[in-house]
Amino acid sequence: MNQPHLIFWKLCVLMAATSCLSLGPLQKFNYLLDQVWMGTRILWSSKNIHDVFDDPDLNERYGAKLRHIISIKEFAQDYGLTTDSSYESMVFPPNNQEVVSYLVVAAKPLSLQALSYSFPFVGRVPYLGFFDESDRNNYAANLKEQGYDIHLSQAGAFSLLGYLKDPIFPSMLTGNISQLAHLFFHELTHATVWKKNQASFNEHLAEFISITLTLEYLKSHNHVELYTKFQNLHHDLKLFHDWISQLKEELNLLFADTTLSDDEKLKRKSEIYNTAGKNSPPFRSHNFIGDITRWNNARLALKDTYSFRSDIFIAAYSCFKSDTLKEQTRAFLTTIQEKDFEDGQSKEDYLKSLCHESL
């Protein structure tokens, strides 16, 4: 059995065991059938990256970026990330589609808790993905009719968490060196460590590791200008996190207020979002807020999944004192791999407990 076919059947097994909240039996069957069909079409397009190098047209278009990926993978492996055989092939979606997956996030109008979906191995995640944009849009329209706040998004990359070999999509090769490093360090962290039912922690950990290693990678390869730009971007991300935290706090207080009617809460909710938009932080390089009219509870829930408090990760990471950043990162990741979350344990308490493991 050739490799794409083998991966396809593994994908079928994974998806067939999927249990998706808010999907009825027929919806679930149709969802699985569509995703498996589109998945196998994409996987059948797989080419080993060395075949890409040997193809003059493909090499001209992708060769330079693929060579950067090889360098980034070698760097990642030195710092304890699992690379195995991932990112050794490229896939070419039908119609030159640049988006890997179309996502929908939903939340009730008076809640910041995103509607979640449960998958084997992965656990619960606060979004549902589709290969086809129209399928995503139809499902989103149905949720909107039920009264949910809806946010539509898309992914240019994903990780199979080490269960299957991750391919490279053309959409993953559109950035500069710092963007490539950040993206692949993030996805390789997922392949190295994934805590079931801890989607927020998984994303925050991947962001922390990817930011840390991207800065180190750029510095070690003398990309001075890109290093400075990435530092500015990281500075803006911290401001964005603070903005999100303040907005969440105000909205949660509003939603918990038992003295107000739902209509009053909805009116006040709109006012809070509008005020937050006017209080945009002094970003250096990128405005992460944009048009405030596009914000709602679903979008806030998704952004909160990726926005994180770097200080609690830095504190835990600093407990693993070592002569080199390489050894420190390896020890940090190994400890997280071996230590599970306790029932009901928060991210903060889990990270604090890592310091005891480091002694």
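Treat the numbers as computed from the prediction; the structure is a model and nothing was measured.

### Structural notes on unusual backbone geometry
- In this model, Tyr 87 sits at a positive phi of 60°, which is unusual for a non-glycine residue.
- In this fold, Tyr 87 is placed in the loop between α4 (56-78) and β2 (89-90).

### A closer look at the state of the cysteines
- Inspection of the entire model under this criterion finds 1 disulfide.
- Note that Cys 319 is cross-linked by a disulfide to Cys 355, the S-S spacing being 1.9 Å. Judged by the sign of its S-S torsion, about 70°, the bond between Cys 319 and Cys 355 is right-handed. Taken as a pair, Cys 319 in the loop between α11 (310-318) and α12 (325-338) and Cys 355 in helix α13 (residues 347-358) lie far apart in primary sequence, 36 residues in all.

### Considering the pattern of salt bridges
- Counting across every chain of the model gives 8 salt bridges.
- With its nearest N and O atoms 2.8 Å apart, the salt bridge here joins Lys 269 to Asp 149. Remark: Asp 149 occurs in strand β7 (residues 149-155) and Lys 269 occurs in helix α9 (residues 262-278); sequence separation between them is 120 residues.
- In this structure, Arg 268 engages Glu 271 in a salt bridge whose closest nitrogen and oxygen atoms are separated by 3.4 Å. Of this pair, Arg 268 and Glu 271 both sit in helix α9, 3 residues apart, which is roughly one turn of that helix.
- Its relative accessible area of 35% is what places Glu 271 among the partly exposed residues.

### Details of the confidence of the model for the chain
- Mean pLDDT over the chain works out to 84, with 81% of the residues at or above the 70 mark.
- Averaged pLDDT values for the elements of the chain fall to 36 in helix α1 (residues 3-16) and rise to 97 in α9.
- Across residues 1-21 the pLDDT falls below 50, and counting only partners more than four positions away or on other chains, this stretch makes 43 contacts in the model.

### Brief notes about helix α7 (residues 199-220)
- With 22 residues, α7 extends 31 Å from end C-alpha to end C-alpha; this agrees with the ideal 32 Å at 1.5 Å per step.
- For α7, the buried fraction is high: 19 of the 22 residues fall into the buried class.
- Just beyond α7, the residue with positive phi is Asn 222, at close to 60°.

Thresholds, definitions, all that
- Residues numbered from 1 in each chain as written.
- Predicted model: local features only at pLDDT ≥ 70, side-chain atom pairs only at ≥ 80, totals over all residues.
- Heavy atoms only, no water.
- Helix = DSSP H or I, 4+ residues; strand = E, 2+ residues; numbered from the N terminus.
- Disulfide = S-S within 2.5 Å.
- Salt bridge = Lys/Arg side-chain N within 4 Å of Asp/Glu carboxyl O.
- Buried < 20%, exposed > 50% of the residue type's maximum accessible area, 1.4 Å probe, protein only.
- pLDDT = per-residue confidence, 0-100.
- Contact = heavy atoms within 4.5 Å.
- Expected span 1.5 Å × (residues − 1).

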